[in-house]
Amino acid sequence: MDVGTFVFSSLYQFGDAFAFLVLSACGLAVIFGMMGVINLAHGEFIMCGAYVTVSAAHAGLPLPLAICVGTLVSAAVGALVEIVIIRHLYHRPLDTIVATWGLSLIATQGTLIVLGSTMMGVGTPLGSFQMAGYSYSLYRVVLFFMAIGVLVGLYALFNWTRFGVMARATIQVPHMAAALGIDTRLVYSLTFALGAGLAGLAGGLYAPTMTLVPTMGTTFIMEAFVTVVAGGADVFLGTAPAAAILAIVKSGMTSWQGQLFGQIGLLIAVIIVIRVLPKGISGFILRERA
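Thresholds, definitions, all that
Residues numbered from 1 in each chain as written. Predicted model: local features only at pLDDT ≥ 70, side-chain atom pairs only at ≥ 80, totals over all residues. Heavy atoms only, no water. Disulfide = S-S within 2.5 Å. Buried < 20%, exposed > 50% of the residue type's maximum accessible area, 1.4 Å probe, protein only. Helix = DSSP H or I, 4+ residues; strand = E, 2+ residues; numbered from the N terminus. Expected span 1.5 Å × (residues − 1). Contact = heavy atoms within 4.5 Å. Salt bridge = Lys/Arg side-chain N within 4 Å of Asp/Glu carboxyl O. Axes fitted to C-alpha atoms, helices over the stretch in contact; angles between N-to-C directions. Left-handed = near helix turned anticlockwise from the far one by under 90°. Nonpolar A, V, L, I, M, F, W, Y, C, P; charged D, E, K, R; others polar. Parallel < 35°, antiparallel > 145°, perpendicular 65-115°, else oblique. Core = buried A, V, L, I, M, F, W, Y, C linked by side-chain atoms within 4.5 Å.

Engineer: I'd like a description of the state of the cysteines, backed by residues and values.
Structural biologist: The final tally for this structure, using the stated rule, is zero disulfides. The thiol of C26 is not disulfide-bonded; the next cysteine sulfur, from C68, is found 16 Å away. You can see C68 has no disulfide; the closest cysteine sulfur is in C48, sitting 15 Å from it. C68 gets classed as partly exposed once you look at its relative accessible area, which sits at 43%.

Engineer: Outline helix α9 (residues 218-231), listing residues and values.
Structural biologist: Taking 1.5 Å per residue as the helical rise, α9 with its 14 residues ought to reach 20 Å, and the 20 Å between its terminal C-alpha atoms agrees with that figure. The buried count for α9 comes to ten of 14 residues, which makes it a mostly enclosed element. Those residues of α9 that sit buried are F220, I221, E223, A224, F225, V226, T227, V228, A230 and G231.

Engineer: Explain the side chain of T108 to me, using residue names and the numbers behind them.
Structural biologist: Assignment of secondary structure puts T108 in helix α4 (residues 93-115). The exposure class assigned to T108 is buried, which follows from its relative accessible area of 10%. Setting aside chain neighbours within four positions, we find T108 in contact with E44, P214 and T215.

Engineer: Lay out unusual backbone geometry in plain terms, naming residues and giving numbers.
Structural biologist: In terms of backbone geometry, most residues other than glycine have negative phi values and most peptide bonds are trans. Even without being glycine, H91 reaches a positive phi, approximately 70 degrees. The residue H91 is located in the loop between α3 (63-84) and α4 in this model. Backbone geometry at L126 places phi at a positive 75 degrees, although glycine is not the residue there. Inspection of the secondary structure assignment puts L126 in the loop between α4 and β1 (128-131). Given a relative accessible area of 53%, L126 falls into the exposed group.

Engineer: Requested: an account of the pattern of salt bridges, with residues and values cited.
Structural biologist: Tallied over the entire structure, the rule returns four salt bridges. Put simply, R140 and D16 hold a salt bridge, and the shortest N to O gap is 3.2 Å. With a gap of 124 residues between them, R140 in helix α5 (residues 138-160) and D16 in helix α1 (residues 3-34) connect regions that are remote in the sequence. We classify D16 as partly exposed; its relative accessible area is 23%. The shortest N-O distance in the salt bridge between K250 and E223 comes to 3.0 Å. Taken as a pair, K250 in helix α10 (residues 235-257) and E223 in helix α9 lie far apart in primary sequence, 27 residues in all. The buried category is assigned to K250, whose relative accessible area is 14%.

Engineer: I'd like to hear about the environment of L21, residue by residue, with values.
Structural biologist: Looking at where L21 falls in the secondary structure, it is placed in helix α1. Not counting residues up to four positions away in its chain, the partners in contact with L21 are E223, T227, A243, L246 and A247.

Engineer: Can you lay out the packing of α1 against α10 for me, pointing to particular residues and giving the numbers?
Structural biologist: In contact at an axis separation of 8 Å, α1 and α10 are set at 145 degrees when each is read in the N-to-C sense. You can see that α1 and α10 cross each other, and the crossing is right-handed. Two secondary-structure elements touch here, α1 through Q13, F14, A17, F18, F20, L21, V22, A29, G33 and M34 and α10 through V235, F236, T239, A240, A243, A244, L246, A247, I248, K250, S251 and S255. Looking at side-chain class alone, the contact of α1 with α10 contains 16 nonpolar, five polar and one charged residues.

Engineer: I'd like a rundown of the packing of α1 against α9, residues and numbers included.
Structural biologist: Describing two packed helices takes the angle between their axes plus the distance from one axis to the other. Their axes nearest at 8 Å, the elements α1 and α9 cross at an angle of 65 degrees. Comparing their axes, α9 and α1 come out roughly perpendicular. The chirality of how α1 crosses α9 is right-handed. For the pair α1 and α9, contact is made by F20, L21, S24, A25, L28, A29, F32 and G33 and by T219, F220, E223, A224, F225, T227, V228 and V229, respectively. Partitioned by chemical class, the residues of the contact of α1 with α9 number eleven nonpolar, four polar and one charged.

Engineer: Give me the lowdown on the nonpolar core, citing residues and values where you can.
Structural biologist: L23, F192 and L246 are the most contacted members of the largest nonpolar core, which totals 71 residues. With 14 residues, the top contributor of residues to this core is α1. With near-sequence residues (within four places) excluded, F192 lies in contact with I31, M35, V37, F45, G78, V81, E82 and I86.

So, in structure tokens, the structure goes:
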């Protein structure tokens, strides 16, 4: 492999790892990073988006529209979960852990009983392209740009829209937001639904690339949590740099010694980050700005 091909292959693997980390983590960054809800059912929202996307595609919808349907269904399920369960557990993090863990088990086993151990996929679209005798998936490149688009969209939503201002005010000082006339219950529900919808979007986007099984959420949840934890409290400042750093480590270790070592390198990198930067990458950035 010549130098140019090696550089392109490294950038391609970095982009693939970065996209996976960002798309996996964005929904959790909203629910856990912003709202403080430890959502152990995050992987099941991803699974929901993937299953609905594939079902819609099998029903005849074009894949982009099927992904939108999967995202909306996951958001609707998230809103229902917030109203029925999560709303009563704010400021009770241990109870939230137990509740969402139980929800995760129910969703996984329920899907297994109702839909079976696997579902027929739809195949990866767009084909591949060749470079120096190596084949690369074009869809993986699309996923990278989708990850960038999601980050930009989230930043714009929470900084330049009325909903974003109300959401940040409600999450940071709920009593003051309520005193100003904001329907805090509605804002909490919509914000949780947004996080669940982003998880569903991740599932829908990755559904064509994976085998659909009821436990597929576990593929995402570990990397989502470590990305959010490494990023720190400010999801807009921390998620992208954390994903970039972890993607470099993961892609480098995977290229060197395989996928298992990539996962090990990822976890070691997170341990080092939170040891050196207890408040995460966003805490370091905010401290430098101050």
